[in-house]
Amino acid sequence: MRVVVCIKQVPDTTEVKINPETNTLMREGVQSIVNPFDEFAIEEGIRIQEKFGGEPIVITMGPPQAEEALKTALAMGCDKAYLVSDRAFAGSDTLATAYTLASAIKKIEQTDGPVDVVLCGKQAIDGDTGQVGPGIAVRMNIPPLTYVSKIREIDPEKKTIIVERLMERGKEVVKCSLPVLITVVKDINSPRYPSLFEIKKAAKKPMIKLGLADIGIPENRTGLKGSPTWVNKVFSPELKSVNGEIFQGDPEECAVKLVDRLINLGKGVSL
Amino acid sequence: MSYVTINKEACIGCGACVDVCPQSALYMKDDKVEVNEKCNLCGACIDACPVNALSIPREIKDSACLADYRGVWVLVEHDGKKPVNVTYELIGEGRKLAEKRNTYVGVVLLGNNVSHMIDDLGSYGADKVFLCQSPVLEHYRTEAYGDVIVDMVKAYKPEIVLSGATTQGRDLAGFVATILETGLTADCTGLDIDENGNLLQTRPAFGGNIMATILCPNTRPQMSTVRPKVFPVPEKTDKKPEVINFDFDFSKITIRTEVLEYLPFEEKISLADAEIIVSGGRGLGKPENFEIIKEFADTIGAAVGASRAAVDAGWISYEHQVGQTGKTVRPKIYIACGISGSVQHLAGMKHSDIIIAINKDPEAPIFKVASFGIVGDVMTIIPLMTKELKKRMNA
Ligand SMILES: Cc1cc2nc3c(=O)[nH]c(=O)nc-3n(C[C@H](O)[C@H](O)[C@H](O)COP(=O)(O)OP(=O)(O)OC[C@H]3O[C@@H](n4cnc5c(N)ncnc54)[C@H](O)[C@@H]3O)c2cc1C
Ligand SMILES: Cc1cc2nc3c(=O)[nH]c(=O)nc-3n(C[C@H](O)[C@H](O)[C@H](O)COP(=O)(O)OP(=O)(O)OC[C@H]3O[C@@H](n4cnc5c(N)ncnc54)[C@H](O)[C@@H]3O)c2cc1C
């Protein structure tokens with residue numbers, strides 16, 4: 001059984017604030033972290049390998065400093081890391097990212113052997129699209145199972161998997177053949193914290209860099225050139241002030257006034 | 001490969017771009033901006049520059065073949081009985097786009113025995129229904145649905161394809177756009193058309209902290225998933241749509257998934273459908289105080305919502321959370337109690353018809369969007385209102 005986990009390094013968006021004066025993002029001191037949903041993917045990958053044997057591989061596409069994210073994954077228990085990095089990849093949208101990553105995974109298969117399960121997070125907390133996972137599946141010609149909240153069983157002999165998918169109004173139980181691409185939601189597990197010992201051990205694990213030439217894809221299918229979508233404008237969400245009627249002063253009087261308004265409004269509603 | 005292009009002549013060295021760069025790729029040298037290898041061409045700096053000294057080296061391709069693409073399509077999501085609301089919302093919004101483009105609104109209806117939905121879809125504004133029915137399409141499955149839609153798009157060449165940003169809609173659109181090798185914009189909250197026929201797709205990113213407008217100038221169709229409850233459901237008419245039956249040879253594809261069973265949740269609270277919602281936030285101070293909110297909500301027949309701060313504190317369960325990472329709601333009346341009005345909370349409720357805020361801080365951002373409000377302590381105001389309401393209802 002061979003598992004590849006795709007992770008993305010992201011800014012910790014809970015730290016990102018808007019500067020009210022200049023209306024721009026304030027990012028001083030904002031840390032780069034492993035996309036939180038990807039920690040669940042890493043954990044699930046390690047659990048699959050603990051059960052069925054094999055060495056979980058972790059892969060990221062990003063600038064050189066994305067190596068830090070890979071180190072976290074190695075410390076959690078992945079055995080081998082691939083850093084897909086090249087100037088040519090800069091500016092990739094989800095189509096180009098998925099194409100590049102899928103091509104890299106196919107390349108890895110040539111050295112490490114065929115992959116049975118590719119794991120991704122539900123979405124990255126910066127781009128927030130959730131499109132890279134299904135895109136990789138299409139490019140690898142394997143079925144995508146998105147929003148997976150539980151892997152019920154894997155049969156390595158028959159090459160099948162049964163999962164639960166978390167939908168808006170219920171759970172769907174799906175059976176599928178391997179190989180497969182899975183995107184996970186946070187209900188699936190609780191990720192482990194690496195111990196100091198494992199962090200040390202991780203420094204000795206293989207970290208392999210793949211550039212455009214290593215993967216052997218045409219330059220016009222990745223980066224800006226391979227990206228049909230353009231980010232045209234970035235701005236902070238503005239609040240249109242409605243200049244409403246805001247009561248202040250004696251609580252009792254305020255409450256009575258607001259109830260008046262509410263009853264008026266409520267005429268069309270089942271008050 | 002390229003980085004963001006800097007016009008050194010134009011640069012006035014103000015540093016505005018340095019402050020907004022998410023990658024810390026820009027820095028000042030000799031009063032001019034420089035770029036380093038961290039630049040990932042995200043474009044955040046372009047608009048920050050007051051003198052337009054920054055640009056991204058892109059090419060617009062010959063647009064002649066794009067003109068073959070006509071029509072605005074909506075991918076119908078349904079439960080076998082009727083379409084889900086976001087489908088109607090998108091038909092309404094699609095109508096507006098189609099009028100600007102002088103073209104038709106088409107809907108794509110797939111399933112097994114689903115033709116009873118045709119007239120319903122027409123009555124909300126669909127001009128054409130592209131229909132494909134087969135036992136293979138009984139349950140939604142990415143590969144089967146996706147393969148049919150890809151063939152339909154190739155045959156009829158729509159210029160825009162919209163789908164709900166639901167689990168199914170995102171799954172399906174991601175699959176279809178990748179095969180068609182066209183752009184897909186995720187989770188849009190605003191759509192418009194420019195003079196060149198480009199769809200201006202506006203969406204939140206970075207956890208709702210920023211908004212981005214995305215274009216797809218060189219490929220067709222332009223595809224977007226659109227967040228539910230952002231656009232209103234259009235008025236019904238008695239229009240009858242044209243039906244196009246689409247034949248698909250299912251023997252040519254292998255479908256590798258099988259739906260074994262579906263386990264629906266017990267819907268206890270249906271926030272999404274409530275006409276009135278009363279929500280509590282961190283300002284309630286402690287879990288017991290939610291009882292005051294619940295009693296008030298019961299009095300006016302409202303559902304109970306919450307901010308993430310209240311959910312994270314363990315005062316109420318996640319199903320009640322409204323916002324970016326919770327539910328998006330669009331009730332007639334939304335009453336926010338002890339909620340500050342963060343961008344993430346607003347993302348889930350700002351399209352409510354009427355917003356009412358009760359907060360002790362007159363500067364709280366929630367008052368900006370409130371049609372009515374009280375500056376005061378929720379623990380005092382809410383019980384007073386409950387009492388007053390009960391008095392009037394009994395009268
Ligand atoms: C403001 C803004 C808005 C954008 N909007 C769009 C848009 O609407 N459409 C579009 O096509 N592009 C868009 N992009 C570009 C997009 O963010 C990038 O292509 C990004 O590399 C991947 O998309 P994501 O962050 O949404 O990832 P998601 O698709 O949300 O990521 C899902 C999973 O895929 C895997 N994954 C994602 N990226 C990587 C990676 N680099 N390496 C390894 N694994 C990865 C991870 O497992 C992750 O959990 C936008 C960018 C910005 C800055
Ligand atoms: C990626 C991301 C996703 C997020 N998703 C969501 C989401 O889905 N939903 C969401 O709600 N948040 C979300 N958040 C969190 C959001 O940023 C805010 O932290 C949160 O909404 C704050 O909740 P609050 O308004 O209850 O608390 P606070 O911001 O602390 O506000 C409490 C308010 O109560 C008032 N108050 C205090 N005491 C009283 C009193 N006695 N009487 C009257 N008023 C009083 C205060 O003046 C204050 O305005 C998200 C954040 C991130 C980074």
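Note on numbering: residues in each chain are counted from 1, in written sequence order. Starting at A for chains and at 1 for ligands, labels are handed out in the order in which the entities are written. Owing to the predicted nature of the model, reporting of local features is limited to residues with pLDDT of at least 70; listing and counting of side-chain atom pairs is limited to 80 or more, with chain, interface and lining totals taken over all residues. For side-chain calculations, the full set of non-hydrogen atoms in the structure is used, while hydrogens and water are omitted.

1. A closer look at the overall build of chain B
Inclusion rule: The helix and strand labels rest on DSSP assignments: H or I over at least four residues marks a helix, E over at least two residues marks a strand, and numbering proceeds from the N terminus. Relative accessibility under 20% of the residue-type maximum defines a buried residue, over 50% an exposed one, and the middle range a partly exposed one, all with a 1.4 Å probe and only protein chains included. All accessible-area figures derive from a Shrake-Rupley calculation using a 1.4 Å probe, and residue coverage is judged against the displayed protein chains alone.
Along its length, chain B carries eleven helices and 20 strands. With the C-alpha coordinates aligned to their principal axes, the bounding extent of chain B is approximately 70 × 70 × 40 Å. Counting only residues that meet the buried cut, chain B has 58% of its 395 residues in that class. In the form shown here, chain B has an accessible surface area of approximately 16500 Å², with 48% of it arising from carbon and sulfur atoms.

2. Here's the deal with the interface of chain A and chain B
Just so we agree on the cut-off: The criterion used for residue contact is that any of the two residues' heavy atoms lie within 4.5 Å. Buried area, as used here, totals the accessible surface that two parts lose on assembly, with accessibility defined by a 1.4 Å probe and the loss added over both. Counted as salt bridges are all cases of a side-chain nitrogen of Lys or Arg within 4 Å of a carboxyl oxygen of Asp or Glu. N or O atoms closer than or at 3.5 Å make up a polar contact, with two conditions inside protein: a donor-capable atom paired with an acceptor-capable one, and, for residues adjacent in sequence, both atoms drawn from side chains. Three classes are used, and their members are as follows: Ala, Val, Leu, Ile, Met, Phe, Trp, Tyr, Cys and Pro are nonpolar, Asp, Glu, Lys and Arg are charged, and the others, Gly among them, are polar. Each pair of strands is called paired provided DSSP finds at least two bridges between the two strands.
In this assembly, 87 residues from chain A lie in contact with 100 residues from chain B. Each partner contributes to the roughly 8500 Å² buried at the junction of chain A and chain B, and carbon and sulfur atoms together form 63% of this total. Notably, a salt bridge pairs B:E181 with A:R139, separated by 3.5 Å at the nearest N-O pair. For the pair chain A and chain B, the interface holds 32 residue pairs in polar contact (both at pLDDT 80 or more). Those elements that place two or more of their residues in the side of chain A that touches chain B are β4 (24-26), α4 (132-140), β9 (144-155), β10 (160-166), β11 (170-177), β14 (230-235), β15 (245-247) and α7 (251-265) of chain A. No other element matches the twelve residues that α7(A) contributes to the side of chain A that touches chain B. Broken down by class, the residue content of the side of chain A that touches chain B amounts to 43 nonpolar, 23 polar and 21 charged. Bridge count between β11(A) and strand β15 (residues 257-264) of chain B: seven bridges; the pairing is antiparallel. Bridge assignment links A:V174 to a residue of β15(B), and that residue is B:V259.

3. Here we look at the site of ligand 1
Worth spelling out the cut-off: Consider each residue's heavy atoms; a residue with any of them within 4 Å of a molecule or strand counts as near.
Around ligand 1 there are 33 residues in total, and A:C6, A:K8, A:D38, A:T94 and A:T129 lie nearest to it. One chain alone does not account for the residues near ligand 1; they come from chains A and B. Contact distances for ligand 1 include 3.2 Å between an oxygen atom and a backbone N or O atom of A:D93. Taking A:D128, its main chain carries an N or O atom lying 3.5 Å from an oxygen atom of ligand 1. Contact with the protein chains removes 94% of the 930 Å² of surface that ligand 1 exposes when unbound.

4. What to know about the environment of A:P179
Residue and element names in this part refer to chain A. Mapped onto the fold, P179 is located in the loop between β11 and β12 (180-184). Considering only alpha carbons, one finds P179 and V118, 61 residues apart in sequence, at a separation of 7.9 Å. With residues up to four places along the chain from it excluded, the contact list for P179 reads V115, D116, I142 and P143.

5. Notes on the site of ligand 2
Close to ligand 2 lie 26 residues; B:R282, B:S307, B:T325, B:S340 and B:Q344 are nearest. Around ligand 2, the nearby residues trace back to chains A and B. At 2.8 Å from an oxygen atom of ligand 2 is found a side-chain nitrogen or oxygen belonging to B:H345. Within the complex, the protein chains bury 82% of what would otherwise be the 980 Å² of accessible surface of ligand 2. Elements represented by at least two residues in the shell around ligand 2 include exactly α8 (308-312) and α9 (343-349) of chain B. Along the lines of polarity and charge, the residues of the shell around ligand 2 split into four nonpolar, 17 polar and five charged.

6. What to know about the sheet that holds strand β10 (residues 190-193) of chain B
The test is simple: Between N-to-C directions, angles cover 0 to 180 degrees, with each direction set by a line fitted to C-alpha atoms, over the stretch in contact for helices.
The four strands lie next to each other as β14(A)-β12(B)-β11(B)-β10(B), forming an open sheet whose pairing is antiparallel. In this open sheet, the two strands that pair with only one neighbour each are β14 of chain A together with β10 of chain B. Recorded for the sheet is a direction-independent mean angle of 25° between the axes of neighbouring strands. Relative to strand β12 (residues 210-215) of chain B, strand β11 (residues 199-205) of chain B is paired through five bridges, and the arrangement is antiparallel. Looking at β12(B), one finds that B:P204 is bridged to B:M211. Together, β10 and β11 of chain B form the strand contacts of helix α3 (residues 85-101) of chain B, whose direction differs from that of β10(B) by roughly 15°.

7. Thoughts on the packing of helix α7 (residues 290-300) of chain B against helix α11 (residues 378-394) of chain B
Residues and elements named next belong to chain B. Under the convention used in this document: In these notes the angle categories are as follows: under 35 degrees is roughly parallel, over 145 is roughly antiparallel, 65 to 115 is roughly perpendicular, and the rest is oblique. For any pair of crossing helices, the crossing counts as left-handed if the nearer helix is rotated counterclockwise from the farther one by less than a right angle, and right-handed if it is rotated clockwise.
The geometry of α7 relative to α11 is characterised by a closest axis approach of 10 Å and an angle of 25° between their N-to-C directions. With respect to their mutual orientation, α7 and α11 come out roughly parallel. When the axes of α7 and α11 are compared, the crossing they make is left-handed. Between α7 and α11, the residues in contact are I292, E295, F296, T299 and I300 and M379, I382, P383, M385, T386, L389, K390 and M393, respectively. Partitioned by chemical class, the residues of the contact of α7 with α11 number nine nonpolar, two polar and two charged.

8. Brief notes about the packing of aromatic side chains
Defined as follows: Classification of ring pairs uses Phe, Tyr and Trp, with its six-membered ring standing for Trp, and accepts pairs whose centres are within 6.5 Å; under 30 degrees between planes counts as stacked, over 60 as edge-to-face, and the remaining range as tilted. Distance and angle both matter: a charge sits over a ring if NZ of Lys or CZ of Arg is within 6 Å of the ring centre and within 35 degrees of the ring normal.
Taken as a whole and assessed by the stated rule, the structure comprises seven aromatic pairs over all chains. Feature note: the residues B:W73, B:Y104, B:F130, B:Y156 and B:F246 constitute an aromatic cluster, connected by ring pairs. The ring of B:Y318 has A:K186 lying over it, and the distance from NZ or CZ to the ring centre is 5.6 Å. Over the ring of B:Y104 we find B:K128; its NZ or CZ atom is 4.1 Å from the centre of that ring.

9. A few points about the nonpolar core
Keep this limit in mind: Side-chain atoms within 4.5 Å are what join buried Ala, Val, Leu, Ile, Met, Phe, Trp, Tyr and Cys residues into a set we call a nonpolar core.
Ranked by size, the top nonpolar core spans 36 residues in total, and within it A:I7, A:I42, A:L119, A:L145, A:I151, A:I161 and A:I182 carry the most contacts. A total of six residues in this core trace back to one element, the largest contributor, which is helix α2 (residues 67-76) of chain A. If we ignore the near neighbours within four places in the chain, the residues touching A:I182 are A:V117, A:V118, A:L119, A:C120, A:L145, A:V148, A:I151, A:I161 and A:V163. Judged by nonpolar contacts, the second largest core, of 35 residues, contains A:C254, B:I293, B:A302 and B:I381.

10. Structural notes on the pairing of β11(A)
Residues and elements named next belong to chain A. Sheet topology note: the β10/β11 ladder contains seven bridges and is antiparallel. Across the sheet, L166 pairs through a bridge with K171, a residue of β11. From the end of β10 to the start of β11, which pair antiparallel, there are three residues.

11. A word on the pairing of strand β1 (residues 3-6) of chain A
Consecutive side chains along a regular strand alternate between the two faces of the sheet. Residue and element names in this part refer to chain A. The side-chain alternation of β1 yields two buried faces, one formed by V3 and V5 and the other by V4 and C6. When β1 meets strand β8 (residues 117-121), the two strands line up parallel, connected through three bridges. Along β8, the bridge assignment pairs V3 with V117. As defined by bridge partners, β1 adjoins strand β6 (residues 57-61) across three bridges and the pair is classed as parallel. By the bridge assignment, V4 is partnered in β6 with I57.

12. Description of the domain arrangement of chain B
Under the convention used in this document: Where each domain begins and ends follows an automated or database-derived domain assignment.
Parsing chain B into structural domains produces domain 1 (5-55), domain 2 (63-252) and domain 3 (276-394). For domain 1 of chain B and domain 2 of chain B, the distance between their C-alpha centroids amounts to 38 Å.

13. What about the sheet that holds β9(A)?
Sheet architecture is open: ten strands sit in the order β13(A)-β7(A)-β6(A)-β1(A)-β8(A)-β12(A)-β9(A)-β10(A)-β11(A)-β15(B), paired in mixed fashion. A single partner strand is all that each edge strand has here, and the edge strands are β13 (207-210) of chain A together with β15 of chain B. With strand direction ignored, the average angle separating the axes of adjacent strands in the sheet is 30°. For β6(A) and strand β7 (residues 80-84) of chain A, the ladder comprises five bridges, and the chain directions are parallel. Note that in β7(A) the partner of A:T60 across the bridge is A:L83. Lying on the sheet, α4(A) is in contact with β1, β8, β9 and β12 of chain A; it crosses β12(A) at an angle near 180°.

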